[in-house]
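These are the residues of each chain, in order.
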Amino acid sequence: MPSTSGQSSQFRYTQTPSKVLHLRNMPWECTEEEVLLLCRPFGKVVNTMLNVGANRNQGFVEFAEVNQAIQMVTYFASSSEPAQIRGKTVYIQYSNRQEITNNKTTADGAGNVLLVTIEGVQAGDVSIDVIHLVFSAFGFVHKIATFEKTAGFQALIQYTDVATATEAKNALDGRSIPRYLLPEHVETCYLRITYSAHKDLSIKFQSNRSRDYTNPYLPVNPTAIDVSLQQPTVGSDGKIKELESNVLLASIGNVQYAVTVDVLHTVFSAFGTVQKIAIFDQLGELQALIQYPDVATATIAKESLEGHCIYDGGYCKLHLTYSRHTDLTVKNDERSRDYTIPSVMPRPAVPGVSWQSTQATAAAFPATVPSSIQPGEVPPTAWNPAVPVGSYVPEQSSYPNPSPTSHTFAPSAVVPTVPATQQMLPPPYGASPGSGQIPNYS
């Protein structure tokens with residue numbers, strides 16, 4: 001958990017709560033959808049104003065209720081993982097304003113981008129595919145972006161030229177989407193259409209909230225696709241329950257021995273295929289992100305390893321939470337590894353070295369480091385450092401063949417019994433978890 005000084009640098013508690021939050025240190029040209037992915041789990045965002053300030057790295061978001069804004073600030077203030085967009089820490093504070101009023105979205109004259117307000121529906125009632133079907137009847141639709149504002153559920157529709165946009169506006173303004181395209185609980189939803197001040201929409205990825213039909217190879221954002229299923233719930237104690245994820249955030253305490261990518265891979269691969277690992281320092285604490293192919297495997301590893309120590313004697317104790325990430329972007333270096341790349345293969349299992357089952361209530365793993373190893377020393381490992389990554393040692397090899405004065409690293413962990421029917425197969429190398437092939441939106 002971050003220290004008090006770390007929290008105060010990211011949050012200001014002396015300000016009066018407001019339903020408008022001020023975000024600082026945002027990535028360059030941060031999109032509205034990226035901000036909504038961060039804020040939406042805490043409530044309905046009705047307005048945004050982004051890319052403001054001298055460096056265009058600040059923004060404002062307005063929630064429907066002040067309690068939703070308070071919930072977001074409180075959550076990140078008590079979380080061991082800071083608010084991040086594109087891996088960059090975003091600083092959050094209450095705004096002095098109570099609403100956003102100067103976010104201009106409509107144009108003074110005709111344009112090729114339409115601002116469509118869909119009345120009488122909530123986000124999710126009308127899919128982006130239905131919107132595309134309706135508006136593509138008048139010409140090729142380049143891009144669509146949907147969002148929620150004070151006026152309701154809205155969409156930006158980009159056409160090739162002003163003439164096509166004008167034809168669609170004149171034909172659809174004031175009319176309802178056909179009944180057979182709507183959910184059963186929605187009778188009518190009228191379209192109110194104006195011209196937008198935008199000329200060319202910036203779509204970073206394909207999702208259920210945005211589409212770029214001119215670029216079918218644009219990556220799919222998995223967090224955007226399933227965000228409606230990831231709303232946080234409040235437990236009986238009044239605290240927000242963790243949102244499950246296939247990526248674990250490991251905070252490692254009492255670090256007296258080296259914790260490398262290979263050490264973490266050895267520990268966490270006992271519960272399933274580890275796809276990616278990234279080690280970093282956060283507020284003076286060693287942390288790591290471990291990515292599994294699915295949530296089920298990550299949950300088993302979290303429940304089994306939480307509170308345990310990598311090394312005997314209470315050293316390198318693990319505290320595990322779910323990360324907001326779903327697919328890590330890592331480099332292959334000393335502190336990160338992507339095992340989905342064919343050229344980066346996991347270390348082979350060494351004959352005679354395996355995880356030993358213990359009770360889940362054990363306070364620490366039994367005897368993973370010889371007692372002769374003193375704190376501050378790097379314990380010898382069961383793999384050969386001279387073997388390059390991707391090289392396998394044949395099982396018939398006599399390695400390891402330690403000298404009488406060397407020691408063998410034989411860690412132990414709690415290995416749950418998983419029925420064969422529940423075991424998950426890892427995706428093919430090079431494939432993102434759960435993404436499959438990039439869909440064709442043409």
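- Per an unreviewed UniProt entry, the protein chain carries the name Polypyrimidine tract-binding protein and comes from Rhynchospora pubera.

Details of the overall build of the protein chain
And then number 1: Assigned secondary structure in the protein chain consists of eight helices and 17 strands.
And then number 2: In the protein chain, which comprises 442 residues, the share counted as buried stands at 45%.
And then number 3: Look at the contacts in the protein chain between residues 6 or more apart in sequence, and 73% of them connect residues 24 or more apart.
And then number 4: Here the protein chain has roughly 21,900 Å² of accessible surface; of this, 52% comes from carbon and sulfur atoms.

A word on the sheet that holds strand E14 (residues 285-291)
And then number 1: One open sheet accounts for six strands, arranged E15-E16-E12-E14-E13-E17; its pairing is antiparallel. Since the sheet does not close on itself, it has two edges, and those belong to strand E15 (309-311) and strand E17 (336-338), each with one partner. On average, each strand axis in the sheet is inclined to that of its neighbour by 25°, with strand direction left out of account.
And then number 2: Taken together, the six bridges between strand E12 (residues 247-253) and E14 define a ladder with antiparallel strand orientation. Within E14, the position partnered with Leu-249 by the bridge is Leu-289.

What to know about helix H4 (residues 128-135)
And then number 1: Taking burial as the measure, the eight residues of H4 include six buried ones, the bulk of the element.
And then number 2: Regarding H4, the residues found buried are Ile-128, Val-130, Ile-131, His-132, Val-134 and Phe-135.
And then number 3: The inward-facing, buried residues of H4 contact strand E7 (113-118), strand E8 (141-149), strand E9 (152-159), helix H5 (162-172), strand E10 (191-195) and strand E11 (210-212).

A word on the nonpolar core
And then number 1: Within the largest apolar cluster, 30 residues are counted, with the highest numbers of intra-cluster contacts made by Leu-21, Val-35, Phe-63 and Met-72.
And then number 2: For this core, the secondary structure elements donating two or more residues are strand E1 (20-24), helix H2 (32-39), strand E2 (45-52), strand E3 (58-63), helix H3 (66-78), strand E6 (91-94), E7 and E8.
And then number 3: Residues in contact with Val-35, not counting those within four places in the same chain, are Leu-23, Met-26, Cys-30, Leu-50, Val-61 and Ile-85.
And then number 4: Counting residues in each nonpolar core, the second largest holds 28 residues, with Ala-250, Leu-305, Ile-310 and Leu-320 among its members.

As for the packing of aromatic side chains
And then number 1: As enumerated under the stated definition, the model contains five aromatic pairs in all.
And then number 2: Between Tyr-75 and Phe-76 the ring centres are 5.2 Å apart and the planes differ by 80°, which places this aromatic pair in the edge-to-face class.
And then number 3: You can call Phe-76 buried: its relative accessible area is 2%.
And then number 4: One aromatic cluster in this structure is built from Phe-42, Tyr-75 and Phe-76.

With respect to unusual backbone geometry
Glycine aside, residues mostly have negative phi angles, and peptide bonds mostly take the trans form.
And then number 1: Residue Asn-51 is not a glycine yet carries a positive backbone phi of 55°.
And then number 2: Checked against the element boundaries, Asn-51 lands in strand E2.
And then number 3: For Arg-86, which is not glycine, the phi torsion reads 55° and is therefore positive.
And then number 4: Note that Arg-86 resides in the loop between strand E4 (84-85) and strand E5 (88-89).

A look at the sheet that holds E2
Within a sheet, neighbouring strands are paired by backbone hydrogen bonds and run either parallel or antiparallel to one another.
And then number 1: Across the sheet, which stays open at both edges, the four strands sit in the order E2-E3-E1-E6 with antiparallel pairing between neighbours. If you trace the sheet from one side to the other, it starts and ends with E2 and E6, each paired once. With strand direction ignored, the average angle separating the axes of adjacent strands in the sheet is 20°.
And then number 2: Bridge count between E2 and E3: five bridges; the pairing is antiparallel. Opposite Asn-47, over in E3, you have Glu-62 as the bridge partner.
And then number 3: Against the sheet, H2 contacts E1, E2 and E3, and its axis sits at roughly 130° relative to E2.

Describing the state of the cysteines
And then number 1: Going through the model one piece at a time under the given rule, you end up with zero disulfides.
And then number 2: Free cysteine: Cys-30, not disulfide-bonded; nearest cysteine sulfur from Cys-39 at 9.4 Å.

A look at the environment of His-265
And then number 1: Tracing the chain through its elements places His-265 in helix H7 (residues 261-268).
And then number 2: Considered as a pair, His-265 and Lys-276 are 11 residues apart in the sequence and their alpha carbons are 9.0 Å apart.

What to know about H7
And then number 1: Where burial is concerned, most of H7 is hidden: seven out of the eight residues are buried.
And then number 2: Along H7, the residues classified as buried are Val-261, Asp-262, Val-263, Leu-264, His-265, Val-267 and Phe-268.

Focus: the environment of Leu-248
And then number 1: As for its placement among the helices and strands, Leu-248 is situated in strand E12.
And then number 2: Using a relative accessible area of 0% as the deciding quantity, one classes Leu-248 as buried.

As for the pairing of E14
And then number 1: In terms of burial, E14 is largely enclosed, as six of its seven residues are buried.
And then number 2: Two strands pair when backbone bridges link them, and strand E13 (residues 276-282) and E14 are joined in this way by seven bridges, in the antiparallel orientation. From the neighbouring strand, Ile-279 faces E14, where its bridge partner is Ala-288.

Looking at the pattern of salt bridges
Side chains carrying opposite charge are able to pair once their charged atoms draw close together.
And then number 1: The full count for this structure, using the stated rule, is nine salt bridges.
And then number 2: The partner of Asp-281 in a salt bridge is Arg-335, with the nearest N and O atoms 3.1 Å apart. Of the two residues, Asp-281 sits in strand E13 while Arg-335 sits in the loop between strand E16 (315-322) and E17, which places them 54 residues apart along the sequence.
And then number 3: Relative accessible area serves as the criterion here: at 34%, Arg-335 is assigned to the partly exposed category.

Criteria and cut-off values
- Residues numbered from 1 in each chain as written.
- Predicted model: local features only at pLDDT ≥ 70, side-chain atom pairs only at ≥ 80, totals over all residues.
- Heavy atoms only, no water.
- Helix = DSSP H or I, 4+ residues; strand = E, 2+ residues; numbered from the N terminus.
- Buried < 20%, exposed > 50% of the residue type's maximum accessible area, 1.4 Å probe, protein only.
- Contact = heavy atoms within 4.5 Å.
- Areas by Shrake-Rupley, 256 points an atom, 1.4 Å probe, with all protein chains shown as cover.
- Pairing = 2+ DSSP bridges.
- Axes fitted to C-alpha atoms, helices over the stretch in contact; angles between N-to-C directions.
- Core = buried A, V, L, I, M, F, W, Y, C linked by side-chain atoms within 4.5 Å.
- Phe/Tyr/Trp six-rings, centres within 6.5 Å; stacked < 30°, edge-to-face > 60°.
- Disulfide = S-S within 2.5 Å.
- Salt bridge = Lys/Arg side-chain N within 4 Å of Asp/Glu carboxyl O.

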